[in-house]
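Notes for the structure review
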Amino acid sequence: MTSAPLDESGKAAVLVVDDERNMRSTLAEILEAEGYDVETADSGEQAVERCDERTFDVVLMDVRMPGINGVEAFRRIREHNASARVVLMSAFTVDDLRRVALEEGAAALLPKPLDIDTVIRLIDHDQDTTVLVVGDDNDADDAIGSTLQRQGCRVHRCSNVLQALELGGQIHFDVVFIEAQLPSMSGLEFYTMFRKVTPSVIAVMVSDGSLEDDALADEAVRNSAYTIVHKPVDVDALIGLLHRISSQRTSHDVHKPDR
């Protein structure tokens, strides 16, 4: 993934939002020591005001605060700055809010106590994702591969299903894109075999929109594949899908999008 934008001083601008003073000031001090340009806010309302006054590269915001909560503040910030990268934080189990926030574009929802290394990786947007693209449709595979590489992913393409299965046992791939129709077997058959080799992989099926391709891809999704991408590949939608997967992986809450 690409790095966070920098201000004129060469530092990423970060807003820390938390109603607990010690948490707010300590996190700000840690990030300032790392070289970031840090400001703080003690409520969701104040966070919205600060984001109206200047642009922050990243907003680190607690979910539970008096007044408007972190998710509502996130929504209001995004109304005026659609590209704002908001990382939500919570010491409580908030599954419903987590799902809503991630679906609406939050960069992540991190549990407290915070892992500072994870926070810094999120600020720098250094979230390397290793992707395997399996298929022999050069146009579609080129579109997927080049788009993901521009987003900072490590991408390997493979048209030989046996080699792809062998690779899956030797290299950890975070995401695999699978053509619904492969040279020697269906994408559904390959996915079933690949998942036995690497159960944690997030699988995205690629369909040409035909009844046969869609049927195979739908069956794979029913068997725990993540979702389906249709040809011709919509680049903007693919980037949005990548960001959603990245935020869910970081938040340890991978769940299929509504279709």
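Some words on the packing of helix H1 (residues 21-33) against helix H5 (residues 116-124)
With their axes 12 Å apart at the nearest point, H1 and H5 run at an angle of 60 degrees to one another. One element, H1, and the other, H5, form an angle in the oblique class. For the pair H1 and H5, the crossing hand works out as right-handed. Mapping the contact onto sequence places Leu27, Ile30 and Leu31 in H1 and Ile116, Val119, Ile120 and Ile123 in H5. In terms of residue class, the contact of H1 with H5 is made up of seven nonpolar, no polar and no charged.

With respect to the environment of Gly240
As for its placement among the helices and strands, Gly240 is situated in helix H10 (residues 235-250). The sequence separation of Gly240 and Gly105 amounts to 135 residues, and the corresponding C-alpha distance is 8.8 Å.

Quick notes on H10
For H10, spanning 16 residues, the distance from its first C-alpha to its last is 23 Å, which sits close to the expected 22 Å at 1.5 Å a residue. Where H10 is concerned, the buried positions are Leu238, Ile239, Leu241, Leu242, Ile245, Ser246, Ser247, Gln248 and Thr250. For H10, the N-terminal capping position is held by Asp234, with its side-chain oxygen 3.1 Å away from the main-chain nitrogen of Asp236. His252 sits one or two positions beyond H10 and adopts a positive phi of about 55 degrees.

Some details on the sheet that holds strand E4 (residues 85-90)
Strand order in the open sheet made by the five strands is E2-E1-E3-E4-E5, with parallel pairing throughout. Among the strands making up the open sheet, the edge pair consists of strand E2 (37-41) and strand E5 (108-111). Averaged over all adjacent pairs, the angle separating strand axes in this sheet is 20 degrees, with direction ignored. Strand direction decides the pairing type here: strand E3 (residues 58-62) and E4, joined by five bridges, are parallel. Looking across to E4, one finds that Val59 is bridged to Val86. Its contacts with the sheet place H1 against strand E1 (13-17), E2, E3 and E4, and it is angled at close to 175 degrees to E2.

Some points on the pattern of salt bridges
Tallied over the full model, the rule gives 12 salt bridges. Asp18 is the salt-bridge partner of Lys112, the closest N and O atoms lying 2.7 Å from each other. With Lys112 in the loop between E5 and H5 and Asp18 in the loop between E1 and H1, the pair connects residues that are 94 residues apart, well separated along the chain. Overall, Asp18 belongs to the buried group, its relative accessible area being 0%. Taken together, the shared-partner salt bridges in this structure form one network comprising Glu72, Arg75, Arg76 and Glu104.

Side note on helix H8 (residues 187-197)
Looking only at H8, the buried set comprises Gly187, Leu188, Phe190, Tyr191 and Phe194. Each buried residue of H8 sits inside an arc of 155 degrees when the element is viewed along its axis, so together they form one side.

Remarks on the nonpolar core
Leu132, Val176, Ile178 and Phe190 are the most contacted members of the largest nonpolar core, which has 25 residues in total. Broken down by secondary-structure element, the contributors of at least two residues to this core are strand E6 (130-134), helix H7 (161-170), strand E8 (175-179), H8, strand E9 (202-207) and helix H9 (211-222). Apart from the residues within four sequence positions on either side, Phe190 is in contact with Val134, Val161, Ala164, Leu165, Ile178, Leu182 and Met185. Among the nonpolar cores identified, the runner-up in size contains 23 residues, and Phe56, Ile68, Leu88 and Ala106 belong to it.

Details of a negative patch on the surface
Together, Glu34, Asp115, Asp117 and Asp124 make up a region of like negative charge exposed at the surface. Mapped onto the elements of the fold, Asp117 is located in helix H5.

Examining the environment of Ala13
Residue placement: Ala13 occurs in strand E1. Its relative accessible area of 1% is what places Ala13 among the buried residues. In the structure, Ala13 is positioned 42 residues away from Thr55 in sequence and 7.8 Å away in space, judged by C-alpha atoms.

A word on the packing of helix H2 (residues 44-53) against helix H3 (residues 70-80)
Between H2 and H3, the shortest axis-to-axis distance is 9 Å and the interhelical angle comes to 15 degrees. By the angle between their axes, H2 is roughly parallel relative to H3. Crossing of H2 against H3: the hand is right-handed. Contacts from Gly44, Ala47, Val48, Cys51 and Asp52 in H2 reach Ala73, Arg76, Ile77 and His80 in H3. In terms of residue class, the contact of H2 with H3 is built from five nonpolar, two polar and two charged.

Let's talk about the state of the cysteines
Covalent bonding between the sulfur atoms of two cysteines defines a disulfide. Taken as a whole, this structure holds zero disulfides when the rule is applied. The cysteine Cys153 is free of any disulfide, with Cys158 supplying the nearest cysteine sulfur at 18 Å. Classification of Cys153 as buried rests on a relative accessible area of 7%. Its relative accessible area of 6% is what places Cys158 among the buried residues.

Scoring rules and cut-offs
- Residues numbered from 1 in each chain as written.
- Predicted model: local features only at pLDDT ≥ 70, side-chain atom pairs only at ≥ 80, totals over all residues.
- Heavy atoms only, no water.
- Axes fitted to C-alpha atoms, helices over the stretch in contact; angles between N-to-C directions.
- Helix = DSSP H or I, 4+ residues; strand = E, 2+ residues; numbered from the N terminus.
- Parallel < 35°, antiparallel > 145°, perpendicular 65-115°, else oblique.
- Left-handed = near helix turned anticlockwise from the far one by under 90°.
- Contact = heavy atoms within 4.5 Å.
- Nonpolar A, V, L, I, M, F, W, Y, C, P; charged D, E, K, R; others polar.
- Expected span 1.5 Å × (residues − 1).
- Buried < 20%, exposed > 50% of the residue type's maximum accessible area, 1.4 Å probe, protein only.
- Polar contact = N/O pair within 3.5 Å; in protein donor to acceptor, adjacent residues only side chain to side chain.
- Pairing = 2+ DSSP bridges.
- Salt bridge = Lys/Arg side-chain N within 4 Å of Asp/Glu carboxyl O.
- Arc of directions from axis to C-beta.
- Core = buried A, V, L, I, M, F, W, Y, C linked by side-chain atoms within 4.5 Å.
- Patch = residues over 30% accessible without salt bridge, like charges linked within 9 Å, V, L, I, M, F, W, Y side chains within 5 Å.
- Areas by Shrake-Rupley, 256 points an atom, 1.4 Å probe, with all protein chains shown as cover.
- Lys, Arg positive; Asp, Glu negative; His and termini not counted.
- Charge placed at Lys NZ, Arg CZ, Asp CG, Glu CD.
- Disulfide = S-S within 2.5 Å.

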